[in-house]
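Each chain is listed here by its residues.
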Amino acid sequence: GNSVTIEGLKTIALIFPVVIVCGLAVGKIFNWSGIRGRILIDLGRPWDALRDLTHALSLDPSDGDLYRLRGLAFEGVDRPWHAIQDYNQALRHNANPGILFASRGSCLAGLGQLLRALADFRRHIEIDPLDFRTLTNRGVALLHLNRLSEAASDLNRAVQIHPGYA
């Protein structure tokens, strides 16, 4: 069918050279380093993705989605402060704010900055109120702040949305 296998992704990731690979497609410059970076994240190769996404950003520093992806790669190599910086840049360049607030909130929570994390989780939940993962993350952050009734509310709501998640 039309599905892509892991082996297919690995082949695609190896085909694209690491150096500049840009081509014209439908009147837009295609940033192949960015595409390869996306694939490398999916393959669990964050260090390689960082290299390609950094290169892609040198070609198009206004692409908010590339900053978001590089933030994910930084999370994959346990560099949360770098991830937060890239999520901030992505927000400045109008990338999908919902995903960014959830990702940045998770980084902040992991760094113990729970109040800042809660603000990001709240923003994300305003955009996507059915995201049970972010509700769970916010519930756990609230537990750490000893805000038990709020935590219970979020955790119960997450289980109602996705009963198999409990």
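A brief report on the enclosed structure follows. (Residues numbered from 1 in each chain as written. Predicted model: local features only at pLDDT ≥ 70, side-chain atom pairs only at ≥ 80, totals over all residues. Heavy atoms only, no water.)

Turning our attention to the side chain of Thr-134. Within the fold, Thr-134 resides in helix α8 (residues 132–144). Here the side chain of Thr-134 touches Asp-131 through a polar contact of 2.9 Å, side chain to side chain. Excluding residues that lie within four positions of it along the chain, Thr-134 makes contacts with Ala-102, Phe-121, His-124 and Ile-125. (Helix = DSSP H or I, 4+ residues; strand = E, 2+ residues; numbered from the N terminus. Polar contact = N/O pair within 3.5 Å; in protein donor to acceptor, adjacent residues only side chain to side chain. Contact = heavy atoms within 4.5 Å.)

Because the α-helix completes a turn every 3.6 residues, residues three or four places apart line up on one side. Here helix α3 (residues 46–59) contains 14 residues, and its C-alpha end-to-end distance of 20 Å stays within 8% of the 20 Å for a straight helix at 1.5 Å per residue. For α3, the full list of buried residues reads Pro-46, Ala-49, Leu-50, Asp-52, Leu-53, His-55, Ala-56 and Leu-57. (Expected span 1.5 Å × (residues − 1). Buried < 20%, exposed > 50% of the residue type's maximum accessible area, 1.4 Å probe, protein only.)

Attention now goes to a nonpolar patch on the surface. On the surface, Val-140, Leu-143 and Leu-148 cluster together to form a nonpolar patch covering roughly 240 Å² of accessible area. Within the secondary structure, Leu-148 sits in helix α9 (residues 148–161). (Patch = residues over 30% accessible without salt bridge, like charges linked within 9 Å, V, L, I, M, F, W, Y side chains within 5 Å. Areas by Shrake-Rupley, 256 points an atom, 1.4 Å probe, with all protein chains shown as cover. Salt bridge = Lys/Arg side-chain N within 4 Å of Asp/Glu carboxyl O.)

For the structure shown, the criterion picks out twelve salt bridges. Measuring nitrogen to oxygen at the nearest pair gives 2.9 Å for the salt bridge that ties Arg-45 to Asp-48. A salt bridge links Arg-122 to Glu-126; the nearest nitrogen and oxygen atoms lie 2.8 Å apart. Of this pair, Arg-122 and Glu-126 both sit in helix α7 (residues 114–127), four residues apart, roughly one helical turn. Overall, the relative accessible area of 37% leaves Arg-122 in the partly exposed class. One network of salt bridges, with partners in common, ties together Arg-36, Arg-45, Asp-48, Arg-51 and Asp-52.

Turning to its location among the elements, Arg-138 is positioned in helix α8. For Arg-138, a relative accessible area of 15% puts it in the buried group. With residues near it in sequence (within four places) discarded, Arg-138 still touches Leu-118, Phe-121, Arg-122, Ile-125, Asp-154 and Arg-157.

Our focus in this paragraph is unusual backbone geometry. Even without being a glycine, Asp-78 presents a positive backbone phi close to 60°. In this structure, Asp-78 sits in the loop between α4 (64–76) and α5 (80–92). The backbone of Asn-146 sits at a positive phi, close to 60°, despite the residue not being glycine. Tracing the backbone through its elements, the reader meets Asn-146 in the loop between α8 and α9. By relative accessible area, Asn-146 is classed as exposed at 58%.

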